[in-house]
Structure formats: C-alpha cells, structure tokens
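Residue-level structural notes
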Amino acid sequence: MSFQFKPPVAAAHAVSWRDLFTIGPEHDPFWSRVRATQLDFLARYLPFTLAVAIGNTSVVLAALAHKAPTDILVFWMLVQTGMSVHFVWRQLKEARSGRQTPATRRYTVQVMLEMGLVGTAWGLLFAAMLPGLDAAQLALVVGMTLVGIGTTAYATAVFPLGALALSGPIAAGTALGVMRSDWPFSTFILLILLAFLLVIVRGNALTTFAFIARLRTQERLVEQEEVVRLLLNEFEANGSDWLFEFDQRRHLTFVSNRFAEAANSTVEALLGRNWLSLFTDRRSAAPLFRAVVRREPFRDVVVRVRVADQDRFWSLSGTPKFDADGAYRGYRGVGSDITDRQKSAERIVELATFDSLTGLVNRRIIHTAIADGLQGPTGVALLFVDLDRFKVVNDSLGHSAGDQLLAEVAARLRAVVGSAGQVGRLGGDEFAVVLRSSDAAAATLLGEQLIGELSRPFALAGSEARVGASVGLAIGPEDGNSVEALMRAADLALYDVKGKGRGSVRRYDREMHARAEARRALELDLRSALERNEISLMFQPIVDALDERVVGFEALMRWRHPREGEISPAVFIPIAEDIGMIGALGQFALDEALRAAARWPRHIKVSVNLSSLQFDQPNLVEEIAAALRRHGVEPRRLELELTESVFLDQRESTVQTLARLREMGVGFALDDFGTGYSSLGYLQKVEFNRIKIDQSFVRASVQDGSESTAIIQAIIALADRLGMETTAEGTETRAEFEAMRRLGCAQIQGFYFGRPMSSEDAMRHLARSEPLLSVEETGADALDFDLDEPSSSPPRTGGAECGQVRAAAAPTMAPHS
C-alpha cells in the first residue's frame, strides 16, 4: 500500500508539482507537445462523459425540477446546450479540415474557461437544489454528483488544470449545498465527498506525473535517435570504421561500404557470405570464434586477415542480437583497419627490445639475460666491451661512418660469440656479452678473441679505420649475485683495464672498487688543480754528447696534491685524457715552457709533448702560433715531442696538422722509439728532427750488451739515413753516457747530467755552464712568422740544439721523470 502522489519511476521524479499546473511557454516544443496531447485526450473522452452526465442529470431533474430555482435551472440548461453545440461544431470543423486547432497557450486557456463555465453551471445547480431536498433525494443527488466528478476526472486524467476548472466548481457547489441542508448526516456526507476527492486528486496526479515523464523520456529518445542517426551518417561518411551485421547462421546481412573496401570486395559480393570465412588466421581469430559460439559480446579483438596478398590487422567489436521473444538473431558490430597502428606498436616493442642501429638487444634484455644466468645452475659470465679510439673515428670521418663502424662491430661480436651467449649494446661504443657459463678461463679466451677481431681494420666510406677494444670481465654469482652487482663488477674491471693501457681483458677483483674510488677522487681534484696552482713544470737538462754542454731542457709536469703529495704523471695524465682535461694541461705546459724559454739563450731549444688527443682540437696550430707570439719565442726553438700512438688512427688530418706546423718552423721529435707500434712509414711521411731512444735500451746496452747495443746501432743508423738526430733518454751513469757517445748518439738526457729543476734553477744551471753569454744571446726573440708561409729558418738543426718540454701522455713518461 502506498500513499505516494508520484509514480515510483526515476523519470517521474524529474517532474515537479509546478509542471502539473502549468501550460508551459508558448514556443517550447516540449510543452507544445504536452498541451496538444492533453487537449487531444480531452477531445476524445470529455464529450461522451458530459453527454452521459447531462442525460443522467436530466432524468433526475425531471423529478426534482421544482426543487431548483428557475433562473439557475435555465442558466444550467443554456450552458449545457450551448457548450454541447460548441463542442460538436468544433469537432466537425476539425474533422472537415483534417487539422486540429494548434495547442497554443491561448487556445488552452480558452478550453479551460469553457470547462470552467460548464463546471460552474453544475456547481450552482447543486448548491441551489440540495438545501431543499429530503434525505433520500439528497443521497440521490450527491451520489449522482460523485459519479459526475469521477467521470469528468477520467476525461481530464492528464490535464490537472482542466480537472480543476471542470470538477472543482462541481465539488464546491455540492459541498456548499450539503452544508446548507439541515440533514443530520451532512457532516458524514462531506467527509465522504472529501475522501472521494482525495482519491480522485491522487489518481489524477499519478497519471499526470507518469504522462509528463513519458513524454520527456520520448523526447530524449527522439533526441538520442537523432544524434545516433547523425553520428551514423557522419561515421559512414567520414569515419575510418565500418559496420556489419550477420544472422544466426553467421551469414552477413549488412555491410557498409567501408567494410567492403577494407575487404577489397563489394557489398553485393559480401552479403550472404559466411562471416568467419573472412579470417584465414584462425589463431588470431580464436577469441572471436569463442565469443560468437557462446553468444557473448566481444570488444576490440585484433585479428590478422589476408587482403590482396597483404597481411592486414582488423579490430572488431560486436554484440549479439535477440528478438522480442529472446531468440538469438545474430550479431551487429563495428570494425576498423588498424594495420598502421599495429605495425607502429610492433615497432615500439622492437625498439624497446633491440638497438635500432646495430640490431643487438638493448640494456633491458641484457639485464634479463644476466638475471636468468644468475638463477641457472651453471652461473653466468659478463663481458663489457668498450671500443678504443672510437671518438677519433667518429670525429674525423663523421657520424655516419661512426654508425657504420658500430654496426660492423656488432656483426663481428655476433660472429665470434655465436650461440654461446647473448650480445647487446649498452649505449655509445660500449657492448655487453652474456655467457651461459661461469668458466672464467673460457670467458677470458673469448674476450681475447673479441679484441683480436675488433683490432682488424674496418673499411668505412672509402677509408680504413682501426679501433681496438678493452674488455672487463665479471663472473656470477662469484663477483656479484645480482644484476646490478655483476654489472658494477664488470664496469669496474673495464675501468681498470682502460686505466692500464687498454687492449686487454681484465677480470674483476675486490681491490678494483677501492682503486676506482681513489681514481674518481683524483678526477675530482684534478679538475680544479690548475685553478689551485697545484700543477707546475720542472726542467731537465739535455746535453751535447761531444762537449757535454747544455743544449736544451725537457719540461716535466708535476702535480703536488694537498693530501697525497706528489702524484706521478703516469697516474694523472691518463686521467686528464679520460676526463677531457688534456687540452687545458697541454696549453698550460706550452705557456709555461715558452715563458721559461723566453729567458734562455736563443740557441737553447724547448720541446712540448703533444698527446694524441690534442690533435682532435681543430685550432691546435693557431693555439701554438699564438703562444709563440705571446711569449716572443721563435718557432725554430720549439720542438714538439710525439709518441707513436699519434699515428695509430692513420688520419690524414694528423699529417696535415704536422705539415702546417713544419711550415711555421716548428720541429718534431719521435719519443720512445722502438717500444710501441711500428712507425717506419711515418718517419717518411713526417719530417722529424730527431728520434729519442728509450731508456730501457740505454740501460740494457750496459748490462747485457750485444742485443740492446745492436738495436741502438740500428736506430742511429736509421736516423742518420733519414737525416735525423738521436737523443738517449734515462742516462744515469758515466758508463751509460760513454756507451751512448761511442755508439754515435748526438744528445744525452738523464740524472747523470741533472735532475728536473725549477725554471729559476734552470737559469742558474745555464749561467754556470755558459758564463760568457753576451746580451745579444739572451732575451726574447724577434718574431715574424705566418701560419700560411714557411719559416725562413732551416727545418733541421745540429745535435747541440736539441731541447724538449714533456707534458702529456703517461706511457711516454720515463720513471725518472
């Protein structure tokens, strides 16, 4: 049982009480429809209802007419007759014209006034008659009144304002007549009348609420259908998707034009075809088949299809159709060709897995391979492979050549490793090899094979390049029981081997971590060492082998660390090369050496050792020329010491740079000859002034005699043949000096003739060895040279004029320095 005045539906709750008692705005489509429906309902049911009511009342009045005042009775008869004629005339007019009167606000108000007039006539009649009736007559008239109110309420069930206009005066007149009568039960009759009216009002309210709610729902559905229709038209005209339907036998009953285009067919050819026959790749279509068999919806199922001898990818969504009885009638759905999107997704997956340049797996897959190896029974070996001198190739031949080199390196690594492990690129010129075995000996052998393979020359863009490689090795789980720990160990091993000369395999050991931390601390300190004036130059004299007079100095770089004390150049020079500081240190050495040389006699030469990395500086020649001018030193007094590593990359630009310096008048010395790579070809390409014989040969010539002596004789003979001088390094005893002079070496350098000293001590040393210097022989030189014009000074000088400033690569540093 419910006392609600609103029906229990969601749509009815959106209708307010105000909506029940309004006729709405004039031009509102919804309220125009409400008014039209209300008036149409009224026109269909009210005439018959009033006719019955008038007939019943006429019968009663025939017996009780004398109880009603004549004027009121006449008024009632005129109103009922006139309005009945008016209603009939209006109905006939609309029937003849085939059009209903528009449901405007004005017309609605007119109808309400007409109904109010009819109801008022009834109310006056009952109000005037009831007081003069006896109990039986009163019960008859009240009963007739209740019937009349009930029937008119039915005719106005969806028109509350009309119900008030018609039934309101009737109920009011009846109640007034009952109250004016002297019947003892009039109060009870009024209560019955009130209860009846309450039921009528509730029914009218429920009906009207439901009526307006239904119209609102219909209006929204019409709007939604219109939107859907527009969207479908737009979808079919401009969209990339397409529509399809098939029946319970899976035969296509509808396909859009775009579906036919996607299938490379026509609509006519597709209609009636079994829908599942479109999918030749049953594996990708399996989820689709299962959903259709189970009559379940499917959404965004990606299937592979073959269209015009090409693989295409479709995304399909569909829902099953059922009729009113719940019987299955097939499917309707939508599809789209997502081939481009699918290929892009596959490409993204590929990029997330493989390195696009080399085709090797990337760091993520290497991590997975290491993790799998650590969990396996045989353990894992991890090799980090880093290319040596890759930057030189990349800078000299261009980035495209660098990319080609990386691709060829990847191919060689794959060829060597084969099925024994996984090869990947970690980034830049660093690669990783994961072996499914913890055999350290086998991993070391493989690393050596990799180095040997990568040391062979590469043909790049018409040029030949050599790079080489260094390998860091770590064994898991011995050197690390997690991916991060094992990679850290391999990285430290690689770091260690690169700091000790490169070109070899180094396995991780526990001390590497401490050494790496110490090296990193030195790196940080070295970056600010120049600013803190911790770097200085020392000068070691070089003498003529015949008269033992000083002919030059070699400047040796020193780093006095505030905590560690003296740091060997063999330690900090490689660090400077690795962190990109060698250029700044080289410029400092050149400036300080030339500043000191400007105070020496003009026949004393000075040399500056250039690191191979300094040749990567495009303005190297200009910087050297500027330094010579800045300090007032003639180019002929500067000799640049080069090691054989300068020529390893076989770059033509290096030879061209040396040629420009030679044209300026700068001389060259080849340091540590015979201890490194074969440089005979470059002795012909570059006009060296002298060759420096390494101290290991000098020392051995006195100790073991024949073999080292033969090597020194061969070097001196080669130098003489090429018009070059020779300098013996590391001469520490009189015996070594006499041996070198006897073999024909032109200059001698070593502790026997002086340890490294400051520039002030070097000046005093010169004053003691040459006390009779004239004013003209000291002071700054008069400079007049051009970068583009050869120097007028002779390119070569005698042995008594050899001097050096040594300030760069550690491998060329003698222990005594």
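Calculation criteria
- Residues numbered from 1 in each chain as written.
- Predicted model: local features only at pLDDT ≥ 70, side-chain atom pairs only at ≥ 80, totals over all residues.
- Heavy atoms only, no water.
- Buried < 20%, exposed > 50% of the residue type's maximum accessible area, 1.4 Å probe, protein only.
- Helix = DSSP H or I, 4+ residues; strand = E, 2+ residues; numbered from the N terminus.
- Pairing = 2+ DSSP bridges.
- Lys, Arg positive; Asp, Glu negative; His and termini not counted.
- Salt bridge = Lys/Arg side-chain N within 4 Å of Asp/Glu carboxyl O.
- Contact = heavy atoms within 4.5 Å.
- Expected span 1.5 Å × (residues − 1).
- Arc of directions from axis to C-beta.
- Polar contact = N/O pair within 3.5 Å; in protein donor to acceptor, adjacent residues only side chain to side chain.
- Patch = residues over 30% accessible without salt bridge, like charges linked within 9 Å, V, L, I, M, F, W, Y side chains within 5 Å.
- Areas by Shrake-Rupley, 256 points an atom, 1.4 Å probe, with all protein chains shown as cover.

A separate point is the pairing of strand S8 (residues 430-435). Most of S8 is tucked away: six of the six residues are buried. Neither face of S8 is open: one carries Glu430, Ala432 and Val434, the other Phe431, Val433 and Leu435, and all of them are buried. When strand S6 (residues 380-387) meets S8, the two strands line up antiparallel, connected through six bridges. Bridging from a neighbouring strand, Val385 pairs with Phe431 of S8. Pairing geometry for strand S7 (residues 421-427) and S8, over six bridges, is antiparallel.

Tracing the backbone shows Leu113 in helix H5 (residues 105-129). Taking the relative accessible area as the measure of exposure, Leu113 reaches 61% and is therefore exposed. Between the alpha carbons of Leu113 and Ala165 there is a distance of 7.2 Å; along the sequence they are 52 residues apart.

Before going further, it helps to examine the side chain of Glu430. Within the secondary structure layout, Glu430 lies in strand S8. Among buried Asp, Glu, Lys and Arg side chains, Glu430 stands out as unpaired, with Arg363 the closest opposite charge at 5.6 Å. In this structure, Glu430 is in contact with Phe384, Val385, Asp386, Arg425, Asp491 and Leu494, ignoring residues within four places of it in sequence.

Turning next to helix H16 (residues 440-455). The periodicity of an α-helix, 3.6 residues per turn, causes residues three or four places apart in sequence to face the same way. For H16, with 16 residues, the first-to-last C-alpha span of 22 Å sits near the 22 Å given by 1.5 Å per residue. Those residues of H16 not exposed but buried are Ala443, Leu446, Gly447, Leu450, Ile451 and Leu454. Taken around the axis of H16, the buried residues stretch over an arc of 145°, which confines them to a single face. The inward-facing, buried residues of H16 contact S6, helix H15 (399-417), S8, strand S9 (458-460), strand S11 (469-476) and strand S12 (505-507). Structurally, the start of H16 carries an N-cap: the backbone nitrogen of Ala441 is 3.1 Å from a side-chain oxygen of Asp439.

It is worth spelling out helix H21 (residues 620-631) at this point. In a regular helix each residue adds 1.5 Å, so twelve residues correspond to 16 Å; H21 covers 17 Å between its end C-alpha atoms and thus fits that length. Taken together, the buried positions of H21 are Leu620, Val621, Ile624, Ala625, Ala627, Leu628 and His631. Each buried residue of H21 sits inside an arc of 160° when the element is viewed along its axis, so together they form one side. On the buried face of H21, the contacting elements are helix H20 (582-597), strand S17 (638-642) and helix H22 (652-664). Within two residues after H21, Gly632 carries a phi angle of roughly 70°, on the positive side.

With that out of the way, let us pick up a nonpolar patch on the surface. Together, Phe185, Phe188, Leu191 and Leu194 make up an exposed nonpolar region whose accessible area comes to about 440 Å². Positionally, Phe185 belongs in the loop between helix H7 (160-180) and helix H8 (186-238).

For the rest of this paragraph, the subject is the pattern of salt bridges. For the coordinates displayed, the defined rule picks out 35 salt bridges. Asp281 is paired through a salt bridge with Arg304; the nearest N and O atoms lie 3.4 Å apart. In this pair, Asp281 sits in the loop between helix H10 (267-270) and helix H11 (282-293) while Arg304 sits in strand S3 (residues 298-307), placing the two residues 23 residues apart along the sequence. We classify Asp281 as partly exposed; its relative accessible area is 22%. In this structure, the salt-bridge partner of Glu453 is Arg456, at a minimum N-O distance of 2.4 Å. Residues participating in the shared-partner salt-bridge network are Asp281, Arg304, Arg306 and Asp311.

Moving on, we come to unusual backbone geometry. Note the cis peptide between Gly476 and Pro477, where omega equals 5°. Relative to the helices and strands, Pro477 is located in the loop between S11 and helix H17 (483-499). Of note in the backbone geometry, Arg250 takes a positive phi value of approximately 70° without being a glycine. For Arg250, the location among the structural elements is in the loop between strand S1 (241-246) and strand S2 (252-255). Here Arg250 falls in the partly exposed class, since its relative accessible area comes to 27%. Here the phi dihedral of Glu548 falls at roughly 60°; this positive angle occurs in a residue that is not glycine. Assignment of secondary structure puts Glu548 in the loop between strand S13 (535-544) and strand S14 (550-561). Residue class for Glu548 comes out partly exposed when judged on its relative accessible area of 31%.

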